[in-house]
Amino acid sequence: MKRFSINHLRELESESMFVIREVAAQFENPVMLFSGGKDSIVMFHLARKAFAPARVPFPLMHIDTGHNFQETIDFRDSLVEESGVQLVVRYVQDSIDKGRAVEETGYNASRNKLQTVTLLDGIEELKFDCAMGGGRRDEEKARAKERFFSHRDEFGQWDPKNQRPELWNLFNGKKNIGEHFRVFPISNWTEMDVWQYILMENIAIPNLYFSHEREVFVRDGVLYAKTSFMQLKDTEKPEKRIVRFRTIGDATCTGAVESYASSIEEIIREVAATRVTERGSRADDKRSEAAMEDRKIEGYF
């Protein structure tokens, strides 16, 4: 890796750790959202560095759809055990059982959108006044509109047209009772920055990100993993292929890519050459032209 790239990554690291420390300083009861994906793993790594040698002074919260890849859950549990951080898990299935969310039906059914209800209920139940997320501005056009400190009203909703200015490194976390903030410490990072930082810091990630043989099927041009909660059409025939995942989420809407990249260096070369965006294989972003923004306005991550 070239020296200028390392300097660039250290600048991003310093900025993100400053934001995380600001959260700890300004809020009484913050939480860090954790999905088990590379962005949340990097964000947690930054938090550990920001407060070392002390432990991270806030818990992690995972919104479990019940349709996760088992590798993601195993990695999450291993990381929590190794780091000693407190983990809070809230389940979409509980929201469905309580009548707070309605299960989708049909071949394209997904629980991804239902996470919003579970997340907002969890924030309200545990009185979190700030939830940090691993969103990056380069991921999607709605996320490009986000500030570092993103104010949410008492209903957990986001108003993209009424955000507070952020001058230099000044962040305004003042809020009224019942409101909270979402904070995005790695907003200015790109997918390439994340992968280069993982390489530089030797950060462990789930093996889903590396090339492996998996039974998949094709739907609307996207490769999906065959799982027990995916309903296949008669025309969809599973077959084994060599694939990996560029992004990890609910398995019902997360597509794989054919790849032989088995190391971080090979992933970096692959990302540098691709012309498909990181979320190009995410079905949840394709439900409408403004799918992500609509979900975020409702209270999504």
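Residues numbered from 1 in each chain as written. Predicted model: local features only at pLDDT ≥ 70, side-chain atom pairs only at ≥ 80, totals over all residues. Heavy atoms only, no water.

Participant: Any chance you could explain the pattern of salt bridges here in plain terms?
Facilitator: Oppositely charged side chains are able to pair whenever their charged atoms sit close together. Across all of its chains, the model carries 19 salt bridges by this definition. Salt-bridge contacts for Arg76 lead to Asp77; the nearest nitrogen and oxygen are separated by 2.9 Å. Classification of Arg76 as buried rests on a relative accessible area of 7%. One salt bridge connects Glu270 with Arg244, and the closest N-O pair in it is separated by 2.8 Å. A residue pair is termed long-range when its members are at least 10 positions apart, and Glu270 in helix H7 (residues 264–273) and Arg244 in strand E9 (residues 239–244) qualify at 26 residues. (Salt bridge = Lys/Arg side-chain N within 4 Å of Asp/Glu carboxyl O. Buried < 20%, exposed > 50% of the residue type's maximum accessible area, 1.4 Å probe, protein only. Helix = DSSP H or I, 4+ residues; strand = E, 2+ residues; numbered from the N terminus.)

Participant: Got a minute to help me understand the sheet that holds strand E4 (residues 130–132) in this structure?
Facilitator: Strand pairing within a sheet occurs via backbone hydrogen bonds; the two strands may be parallel or antiparallel. Judged by pairing direction, the sheet is mixed, and its six strands sit side by side in the order E3-E2-E1-E4-E6-E5 without closing on themselves. At either end of the open sheet lies a strand with only one pairing partner, and these are strand E3 (87–91) and strand E5 (149–152). Direction aside, neighbouring strands of the sheet carry axes that sit 30 degrees apart on average. Alignment of strand E1 (residues 30–33) against strand E2 (residues 60–64), held across two bridges, turns out to be parallel. Its bridge partner being in E2, Met32 is matched across the sheet by Leu60. Strands in contact with helix H2 (residues 38–51) are E1, E2 and E4; relative to E1, the strand with the most contacts, it is inclined by about 140 degrees. Packing of helix H5 (residues 115–126) onto the sheet brings it into contact with E1, E2, E3, E4 and strand E6 (180–183), and relative to E3 it is tilted by some 130 degrees. (Pairing = 2+ DSSP bridges. Axes fitted to C-alpha atoms, helices over the stretch in contact; angles between N-to-C directions. Contact = heavy atoms within 4.5 Å.)

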